[in-house]
Amino acid sequence: MQFQNLFNFCPVCGSEEFVSNNFKSKKCLCCGFVYYLNPSAATAAFIVNQKEELLVCRRAKDPAKGTFDLPGGFIDPDETAEEGMKREIKEEIGVETTDIHYLFSLPNQYEYKGLSVPTTDMFFAVKIIDCNSIHAADDVSECFFIEKNKINPADFGLQSVRKAVEMFLESRF
C-alpha cells in the first residue's frame, strides 16, 4: 500500500484535510504542512572469503522470508552509512569488520506490514576479521559462503539485492 492511501490525518494539526500534493507528498489544507516520503537509507555487504566465495544469508523474517540476502539493513538516525554497515554485520553475523568500501547504490521498495517503503540501498565491499566465527543472528536464519559460479540472483528476494548480485557476477568488485 502506498503512503498516500495509508495516512489520512495531518501529523502536525490532526486535520482530515491531509490530501495528495504529488506522487511523493501530502499537504494539509488547514495548516499548510507538507509531508514528503523520502527514501530510507539501507546497506548491504559483499563479503568474499579467501576462496573467492560470497557470503550469503537467508532471511528469517518477511519481507522475502526464506530467500537469500546479503548482510545489511537500515541505517539508524545519527549513524553514517559505514557505521550502519558495521553495526548490521555485527548484529546479523556476529563479526567485526576491518575494511568497508562503498561500491554503488540502487533504489528499492521495501514491503513492511502492507506499506511500500522506498529505500536507497548502499552496497559495500567489506572485509571481516574472522570468517570462521560467522554465525546467524538477528533476522538471519543461516549464513554460508557460496561459490561464484553457483550463485543464482533469482534466489535473492529483495529486488535491489538481486540486481546488485547480478552486477557483482558481471564485474567482480
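Participant: Please clarify how the overall build of the chain should be interpreted in this entry.
Facilitator: The helix and strand tally for the chain stands at three helices and 10 strands. Counting from the amino terminus, helix and strand elements in the chain follow one another as α-β-β-β-β-β-β-β-α-β-β-β-α. Based on the C-alpha atoms only, the size of the chain along its principal axes is roughly 60 × 30 × 30 Å. Across the 173 residues of the chain, 39% fall into the buried class. Across the chain, every contact between residues at least 6 apart in sequence was considered, and the portion connecting residues at least 24 apart equals 56%. Carbon and sulfur atoms make up 50% of the accessible area of the chain, which totals about 9,600 Å².

Participant: I keep staring at helix 2 (residues 81–93) and nothing clicks. Help me out?
Facilitator: Here helix 2 is 13 residues long and its end C-alpha atoms lie 18 Å apart, about the 18 Å a rise of 1.5 Å per residue gives. Along helix 2, the residues that are buried comprise Ala81, Gly84, Met85, Arg87, Glu88, Ile89, Glu92 and Ile93. Its buried side turned inward, helix 2 meets strand 4 (40–46), strand 5 (54–59), strand 7 (72–74), strand 8 (97–112), strand 9 (115–128) and strand 10 (140–146). Positioned one or two residues after helix 2, Gly94 has a phi angle of 70°, which is positive.

Participant: Can you help me understand the sheet that holds strand 5 in this one?
Facilitator: Within a beta sheet, neighbouring strands are joined by backbone hydrogen bonds and run either parallel or antiparallel to one another. Read across the open sheet, the three strands follow the order 6-5-10; overall the sheet is antiparallel. Strands at the two margins of the open sheet, each flanked by one partner only, are strand 6 (68–69) and strand 10. In this structure, strand 5 lies alongside strand 10, joined through six bridges in antiparallel fashion. Residue Arg59 lies in a different strand from strand 10, and its bridge partner there is Val140.

Participant: Can you walk me through the packing of aromatic side chains in this structure?
Facilitator: Aromatic ring pairs: the centre-centre distance and the angle between the two ring planes describe each pair. By the definition in use, this model includes seven aromatic pairs. Aromatic pair Phe104 and Phe123: ring centres 5.1 Å apart, planes at 25°, arrangement stacked. Here Phe104, found in strand 8, pairs with Phe123, found in strand 9; they are 19 residues apart in sequence, far enough to count as distant. Every member of this aromatic cluster is reached through a ring pair, and the members are Phe46, Phe104, Phe123 and Phe168. Geometry around Phe168 places Lys148 over its ring, the cationic atom sitting 6.0 Å from the centre.

Calculation rules
- Residues numbered from 1 in each chain as written.
- Predicted model: local features only at pLDDT ≥ 70, side-chain atom pairs only at ≥ 80, totals over all residues.
- Heavy atoms only, no water.
- Helix = DSSP H or I, 4+ residues; strand = E, 2+ residues; numbered from the N terminus.
- Buried < 20%, exposed > 50% of the residue type's maximum accessible area, 1.4 Å probe, protein only.
- Contact = heavy atoms within 4.5 Å.
- Areas by Shrake-Rupley, 256 points an atom, 1.4 Å probe, with all protein chains shown as cover.
- Expected span 1.5 Å × (residues − 1).
- Pairing = 2+ DSSP bridges.
- Phe/Tyr/Trp six-rings, centres within 6.5 Å; stacked < 30°, edge-to-face > 60°.
- Lys NZ or Arg CZ within 6 Å of the ring centre and 35° of its normal.

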